[in-house]
Amino acid sequence: MYSRLNYKPSNKHIKDEDLEENLNYNSQNDFQIKSVVNDIEVKNEEIIYISEHYCKIIRDSFEVYKKNGLNNTLKVFIRMFSEHPEYKFIWPQFRQIPDSSFILSSALKQHAAVYFGGLKSIIENIDDKQKMDLIIKKIAYSHVKWEIKKSHIENMIPEILFVLKEILINYNKDVEDAWTALYTIIGDLLEEFKKGQKKTKL
């Protein structure tokens, strides 16, 4: 559906202040402080484990990715929505946008900016299990109401790897494995958070 449209990324790099503005574009963004996340504990700390070798690979490759972070993230989403057009109906802000204008919509750009900000926060704290746990729980909190599942996270892996392969000179299997491990952790923490949230309601 969306693959028929031509997407030409801008050469303009997103500035920190522009990103900050986009992160606050509505009341549903991932970085609102929600006290509820502090009440839900991830019992299995092994979920958050990622080797130092993989951490370095992710940090180094993200340095390249973030140079054109918004456009790279837009490309990830465009590819994902092309493969899974039904995902468009998960988020209310997308549902009324015609398919013909969806890719170029400000709503998708804002969503990509928020996503990029979340990914940046995770990677900047990848060596700190507690901070990483808290950040992902905050993101999970804003996603569970849309019934986001681990499978949705996993389906982003081929798309992020495609973009990384395009932009990295030294792309290899270690890069694939490292980023796959990161997204697996995010998906696992999302599921753990959902379980913990259900228990608190009992």
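Residues numbered from 1 in each chain as written. Predicted model: local features only at pLDDT ≥ 70, side-chain atom pairs only at ≥ 80, totals over all residues. Heavy atoms only, no water.

Quick look at the overall build of the protein chain now. What the protein chain contains, in helices and strands, is ten helices and zero strands. Here the protein chain holds 202 residues, and 47% of them are scored as buried. Contacts in the protein chain between residues at least 24 apart in sequence constitute 79% of all its contacts with a sequence separation of at least 6. Of the roughly 11,100 Å² of accessible surface on the protein chain, 49% is carried by carbon and sulfur atoms. (Helix = DSSP H or I, 4+ residues; strand = E, 2+ residues; numbered from the N terminus. Buried < 20%, exposed > 50% of the residue type's maximum accessible area, 1.4 Å probe, protein only. Contact = heavy atoms within 4.5 Å. Areas by Shrake-Rupley, 256 points an atom, 1.4 Å probe, with all protein chains shown as cover.)

Counted under the stated rule, the structure contains eleven aromatic pairs. Pairing F62 with Y65 gives two aromatic rings, centres 5.7 Å apart and planes at 20°, and the pair type is stacked. Pair noted here: F62 and Y65 are both in helix α2 (residues 52-65), with a separation of three residues, about one helical turn. This pair shows no difference in class: F62 is buried, exactly as Y65 is. (Phe/Tyr/Trp six-rings, centres within 6.5 Å; stacked < 30°, edge-to-face > 60°.)

This next bit is on the environment of F162. By secondary structure assignment, the location of F162 is in helix α9 (residues 157-167). Taking the relative accessible area as the measure of exposure, F162 reaches 33% and is therefore partly exposed. Each C-alpha atom, one on F162 and one on R79, is 9.2 Å from the other, the two residues being 83 residues apart in sequence.

On to the environment of L119, then. Within the secondary structure, L119 is located in helix α6 (residues 106-124). Contacts of L119, omitting those with residues within four sequence positions, involve F62, Y65, W179, L182 and Y183.

Viewed as axis vectors pointing N to C, helix α3 (residues 69-83) and α9 meet at an angle of 135°, and their least axial separation amounts to 8 Å. The orientation of α3 with respect to α9, classified from their angle, is oblique. The handedness of the crossing between α3 and α9 comes out as right-handed. Together, N72, K75, V76, R79, M80 and E83 of α3 and E159, I160, F162, V163, E166 and I167 of α9 make up the contact between the two elements. Residue composition of the contact of α3 with α9, by class: six nonpolar, one polar and five charged. (Axes fitted to C-alpha atoms, helices over the stretch in contact; angles between N-to-C directions. Parallel < 35°, antiparallel > 145°, perpendicular 65-115°, else oblique. Left-handed = near helix turned anticlockwise from the far one by under 90°. Nonpolar A, V, L, I, M, F, W, Y, C, P; charged D, E, K, R; others polar.)

One rule of thumb: low pLDDT means the predicted coordinates there are not for detailed reading. Per-residue pLDDT for the protein chain has a mean of 76; in total, 68% of the residues score no lower than 70. This stretch, residues 1-46, has a pLDDT under 50; its non-local contacts, to residues over four places away or in other chains, come to 82 contacts. (pLDDT = per-residue confidence, 0-100.)

If you look at the biggest cluster of nonpolar residues, it comprises 53 residues, and the most contacted ones within it are Y65, F81, L119, L164, W179, L182 and Y183. Counting only elements with at least two residues in this core, the list comes to α2, α3, α6, α7 (129-144), α9 and α10 (173-201). (Core = buried A, V, L, I, M, F, W, Y, C linked by side-chain atoms within 4.5 Å.)

As a further point, take the pattern of salt bridges. Throughout the structure, instances matching the rule amount to eleven salt bridges. For E52, the salt bridge identified is with R59, shortest N-O distance 3.0 Å. Looking at R59, the relative accessible area reads 25%, which means it is partly exposed. A salt bridge links K56 to D60; the shortest N-O distance between them is 2.7 Å. Here the residue K56 and the residue D60 both occupy positions in helix α2, the gap between them amounting to four residues, near one helical turn. A cluster of three or more residues bridged by salt bridges with shared partners is formed by E52, R59 and D127. (Salt bridge = Lys/Arg side-chain N within 4 Å of Asp/Glu carboxyl O.)

Helix length check: α2 (14 residues) gives 20 Å between terminal C-alpha atoms against 20 Å at 1.5 Å per residue, within 8%. All of the buried residues along α2 are C55, I57, I58, S61, F62 and Y65. Projected down its long axis, α2 shows its buried positions confined to an angular sector of 160°, all on one face. (Expected span 1.5 Å × (residues − 1). Arc of directions from axis to C-beta.)

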